[in-house]
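Each chain, written out:
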Amino acid sequence: MTGFDTRAIHAGQEFDPTTGAVIPPIYQTSTYVQDGIGNLRGGYEYNRSANPTRDSLQTLLASLEGGAHAYSFASGLAAEDTLLRALLAPGDHVVLGNDVYGGTYRLLDRVLRAWGVEVTATEMSDPDAVRAAIRPETKVLWVETPSNPLMKITDIAALAEIGHAAGLTVVVDNTFASPALQNPLSLGADVVVHSTTKYIGGHSDVLGGAVVLDDDALAEKVGFLQFAVGAVSAPMDAWLTVRGIKTLPVRMERHSTNAQAVAEHLVEHPAVERVYYPGLPGHPGHEVAAAQMSRFGGMISLALAGGPQAARSLAEGTSVFQLAESLGGVESLIGYPDAMTHASVRGTPLAVPENVVRLSVGLEDVADLVADLDEALGRL
């Protein structure tokens, strides 16, 4: 199987050999009978160490990202935490972008810093700034593209070259693009992380995270920590994520089409100071995004000309776009990052401008989405 759409449906999803069921069953079990002490059936002994449903998801994720190994976790942050534990020791240093998911920065700054890890945020679109941020003790270059929420674009291949020249592990958070639109491993990254809660799951009904990589030695460390620390995805969560992936390619096409139309409509709106969307030719990362992504995704951020109050009013004033945390589901969502998803980075180099709202453009009729935004903007 070589086509992405075919792999999204079939990789790791062989029919049940006992009944012929097209959909593999959910192995909702905590333990497994052994044929004598240490004589395991298929290598299964306890749900934390392995589960057939989770294994099927991990096989699928590895296939979609073109990696040799994939690990599925209970949340995106659990995946990130496990990976960082595998890569870092006290005294090590991480360089990451100055516009990333607030939870990632919070994990590094408020959890791992107490463990002796240092972190520097810099402008990832500026190669010189990235080089200047790297220290002798730097171990990880953490890239998020498109970034959350200002939709900054990082040249993955260029950053991989810089990172590898300094002996760093280059990690890419591919949550906003999903493997349907971007494959960082093929561009030189060492590891890909996801919040599978978002586009991969795609239906706002399951929490999860993933780590995908090729390096066998690092994969062994990640796998050991997945077992030893235990933040694994549950069987039902893994099954729901697999179900979501089957429609990932067609969903990402519609997300991208709708978002492009919404962005183009709003770019000239008098109430909007700026539209952050890489699909617009005026976006500073447009050419890089066009080169490393197949489409531009479903995420848009808006800076409101009326300032913070206008942004808050818009976030609370739509009806088709629902006010909520998270993103990537079939329904359209709107959020106010400063007080919601990125409240933890207020007062840091990653603070989000207070006049910015974030849109997760869903699969509804695009005319309804545009009308909803126009009506709310007209009341500002």
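What you see is a predicted model, and the numbers here were worked out from it, not measured in a lab.

S.K.: What exactly am I supposed to notice about the overall build of the protein chain here?
M.R.: Of regular secondary structure, the protein chain possesses 12 helices and 12 strands. The C-alpha atoms of the protein chain give 21 Å as radius of gyration, which agrees with the globular expectation for 380 residues (21 Å, within 12%). C-alpha atoms of the protein chain, sized along the principal axes, occupy 75 × 50 × 35 Å. The contacts of the protein chain with a sequence gap of at least 6 include a subset with a gap of at least 24, amounting to 71%. Accessible surface for the protein chain amounts to roughly 15,200 Å². Of this, 53% is attributable to carbon and sulfur atoms. Taking the average place of the 24 positive charges on the side chains of the protein chain and the average place of its 44 negative ones, the gap between the two points comes to 5 Å.

S.K.: Where do I start with the pattern of salt bridges in this structure?
M.R.: When charged atoms on two side chains of opposite charge get close, those side chains can pair. In the structure shown here, the tally under the stated rule is 12 salt bridges. Between arginine 85 and aspartate 81 there is a salt bridge; the shortest N-O distance is 2.8 Å. Within this pair, arginine 85 and its partner aspartate 81 are both found in helix 3 (residues 76-87), separated by four residues, close to a single helical turn. The exposure class of arginine 85 is partly exposed, given its relative accessible area of 40%. Each of Asp109, Arg113 and Glu118 takes part in salt bridges that share partners, so that together they form one network.

S.K.: What am I meant to see in the sheet that holds strand 4 (residues 138-144) here?
M.R.: Consider a sheet: its strands pair through backbone hydrogen bonds, and that pairing is either parallel or antiparallel. Ordered by their spatial adjacency, seven strands build an open sheet running 1-7-6-5-4-2-3, and the pairing between neighbours is mixed. Of all the strands in the sheet, just strand 1 (69-73) and strand 3 (118-122) have a single pairing partner and so form its edges. Across the sheet, the mean angle separating the axes of adjacent strands is 20° when strand polarity is ignored. Note: strand 2 (residues 93-97) against strand 4, four bridges, orientation parallel. Counted as the bridge partner of valine 95 is leucine 141 from strand 4. Sheet contacts for helix 3: strand 1, strand 4, strand 5 (169-173), strand 6 (191-194) and strand 7 (209-213); angle to strand 7, the most-contacted strand, approximately 40°.

S.K.: Got a minute to help me understand the side chain of threonine 169 in this structure?
M.R.: Relative to the elements of secondary structure, threonine 169 occurs in strand 5. Filtering out sequence-adjacent residues up to four positions away, threonine 169 remains in contact with Leu87, Lys139, Val140, Leu141, Asp190 and Val191.

S.K.: Where do I start with the sheet that holds strand 11 (residues 333-335) in this structure?
M.R.: Pairing is mixed across the open sheet formed by five strands, whose spatial order is 8-9-12-11-10. A strand with exactly one partner marks an edge of an open sheet, and here the two such strands are strand 8 (272-276) and strand 10 (322-323). Strand direction decides the pairing type here: strand 11 and strand 12 (residues 356-360), joined by three bridges, are antiparallel. Across the sheet, the residue bridging to leucine 333 is serine 360, located in strand 12.

Parameters and conventions
Every chain is numbered on its own, with residues counted from 1 as its sequence reads. The model is predicted, so local features are restricted to residues of pLDDT at least 70 and side-chain atom pairs to those at 80 or more, both for listing and for counting; the totals for chains, interfaces and linings are taken over all residues. Excluded from the side-chain calculations are hydrogens and water; all other atoms, namely the structure's heavy atoms, are used. Counting from the N terminus, the helices are DSSP H or I runs at least four residues long and the strands are E runs at least two residues long. Values of the radius of gyration come from C-alpha atoms, whereas the globule rule sets the reference at 2.2 Å times the count of residues to the power 0.38. Every residue pair with non-hydrogen atoms within 4.5 Å of one another is taken to be in contact. What sets the accessible areas is the Shrake-Rupley method with a 1.4 Å probe; for residues, cover comes only from the shown protein chains. Note that His is not counted, nor are the chain ends; the positive residues are Lys and Arg, and the negative ones are Asp and Glu. In plain terms, the charge of a residue is placed at NZ if it is Lys, CZ if Arg, CG if Asp and CD if Glu. What counts as a salt bridge is simple: a side-chain nitrogen of Lys or Arg found within 4 Å of a carboxyl oxygen of Asp or Glu. Three exposure classes are used, based on accessible area relative to the maximum for each residue type with a 1.4 Å probe and protein chains only: buried under 20%, partly exposed in between, and exposed over 50%. Whether two strands pair depends on DSSP finding at least two bridges between them. Geometry is summarised by axes, namely lines fitted to C-alpha atoms with helices restricted to the contacting stretch, and by angles between N-to-C directions that run from 0 to 180 degrees.

Shape is all these values report; function is a separate question.
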